[in-house]
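# Analysis of the macromolecular model
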Amino acid sequence: MGTQNIQSPIVQFAQVDKLLDLGRANSLWPMTFGLACCAIEMMATGASRFDLARFGAEVFRPSPRQCDVMIVAGTINKKMAPAVETLYDQMPEPKWVIAMGNCAISGGPFIFDGQYAVVEGAEKLFPVDVFIPGCPPRPEALIEGILELEEKVTGSRRWPRVEVG
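Below: a short report on this structure. What you see is a predicted model, and the numbers here were worked out from it, not measured in a lab.

The next subject is empty space enclosed by the protein. Empty space among the atoms becomes apparent when a probe as large as a water molecule is rolled across them. Per the stated rule, a full pass over the model turns up one cavity of 30 Å³ or more. Leu28, Pro30, Ala57, Val69, Ile71, Ile98, Ile146 and Leu149 are the residues that line the largest cavity. The set of elements that each furnish at least two residues to the lining of the largest cavity consists of β1 (69-73) and α5 (139-154). Residue composition of the lining of the largest cavity, grouped by class: eight nonpolar, no polar and no charged.

Within a sheet, adjacent strands bond to each other through the backbone by hydrogen bonds, running parallel or antiparallel. Across the sheet, three strands lie side by side as β1-β2-β3; this open sheet has parallel pairing. Looking at strand neighbours, the two that pair on one side only are β1 and β3 (130-132), the edges of this open sheet. Strand-to-strand twist of the sheet, defined as the mean angle between neighbouring strand axes without regard to direction, takes the value 15°. Pairing geometry for strand β2 (residues 96-100) and β3, over three bridges, is parallel.

On to the nonpolar core, then. Judged by nonpolar contacts, the single largest core of 23 residues is most densely connected at Ile71, Ile98 and Leu149. Going through the elements one at a time, α2 (38-46), β1, β2, β3 and α5 are the ones with two or more residues in this core. The element contributing the most residues to this core is α5, with six residues. Core analysis: the next-biggest nonpolar cluster, separate from the first, contains 17 residues, Met31, Val72, Tyr88 and Val97 among them.

So, on to the pattern of salt bridges. Across all of its chains, the model carries four salt bridges by this definition. A salt bridge links Asp129 to Lys152, with the nearest nitrogen and oxygen atoms 3.4 Å apart. Separated by 23 residues along the polypeptide, Asp129 in the loop between α4 (102-106) and β3 and Lys152 in helix α5 bring together distant segments of the chain. For Asp129, a relative accessible area of 21% puts it in the partly exposed group. One salt bridge connects Arg138 with Glu140, and the closest N-O pair in it is separated by 3.3 Å. Assessed through its relative accessible area of 41%, Glu140 is described here as partly exposed.

Further remarks concern the packing of helix α1 (residues 16-25) against α5. Contact geometry for α1 and α5: axes closest at 8 Å, N-to-C directions at 170°. The angle between the axes of α1 and α5 places the two elements in the roughly antiparallel class. Considering the relative orientation of α1 and α5, their crossing is right-handed. On α5, the residues touching Asp21, Leu22, Arg24 and Ala25 of α1 are Glu150, Val153 and Thr154. Per-class residue counts for the contact of α1 with α5 are three nonpolar, one polar and three charged.

Among the five residues that make up β2, five are buried, leaving the element largely enclosed by the rest of the structure. Residues Trp96, Ile98 and Met100 line one face of β2 and the alternating positions Val97 and Ala99 line the opposite face, and both faces are buried. Two elements, β1 and β2, share five bridges in a ladder whose sense is parallel. Of the residues in β2, the one forming a bridge with Met70 is Val97. Crossover connection from β1 via helix α3 (residues 81-90) to parallel β2: handedness right-handed.

Rules behind the numbers
Residues numbered from 1 in each chain as written. Predicted model: local features only at pLDDT ≥ 70, side-chain atom pairs only at ≥ 80, totals over all residues. Heavy atoms only, no water. 1 Å grid on protein atoms, 1.4 Å probe; cavity = no way out; pocket = protein on both sides within 12 Å on 5 of 7 lines; lining within 4 Å. Points joined across faces, edges and corners; volume = space filled by probe spheres on them. Helix = DSSP H or I, 4+ residues; strand = E, 2+ residues; numbered from the N terminus. Nonpolar A, V, L, I, M, F, W, Y, C, P; charged D, E, K, R; others polar. Pairing = 2+ DSSP bridges. Axes fitted to C-alpha atoms, helices over the stretch in contact; angles between N-to-C directions. Core = buried A, V, L, I, M, F, W, Y, C linked by side-chain atoms within 4.5 Å. Buried < 20%, exposed > 50% of the residue type's maximum accessible area, 1.4 Å probe, protein only. Salt bridge = Lys/Arg side-chain N within 4 Å of Asp/Glu carboxyl O. Parallel < 35°, antiparallel > 145°, perpendicular 65-115°, else oblique. Left-handed = near helix turned anticlockwise from the far one by under 90°. Contact = heavy atoms within 4.5 Å. Right-handed = clockwise from strand over helix to strand, strands pointing away.

As structure tokens, this is what we get:
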């Protein structure tokens, strides 16, 4: 009879890391934590009008040990900085940070010559993954930031970008 070429079906398995990242990206648990007026917009994002649940980030957790996303919403004063750093340190790995608002990004309007009380951005304390500009940013901007973080976690685009204008 001779040798025959038997074609077997191609079986592909996803890498475990990619599956884990996909699960992490679709179930981000932000911390219930706010410093200033941007926290009001963060709370509005979690309300029923914007339905953050459809993006997998609805479960705002009360303890840093249960969170994987810290949304720094507002001004970080130097007196408050050690407490914010402690909350970040208590979060389990992997963890991500979103800086929401101009104050969290750069100190906002409180930065001027001779000021001594405001940290000039959350990036001075710990690494920041996503920056959301605005004063204060709208809930839609926070949703866009969460989607950007999901893309960063998975390494791929989930939603098509729409160019306006």
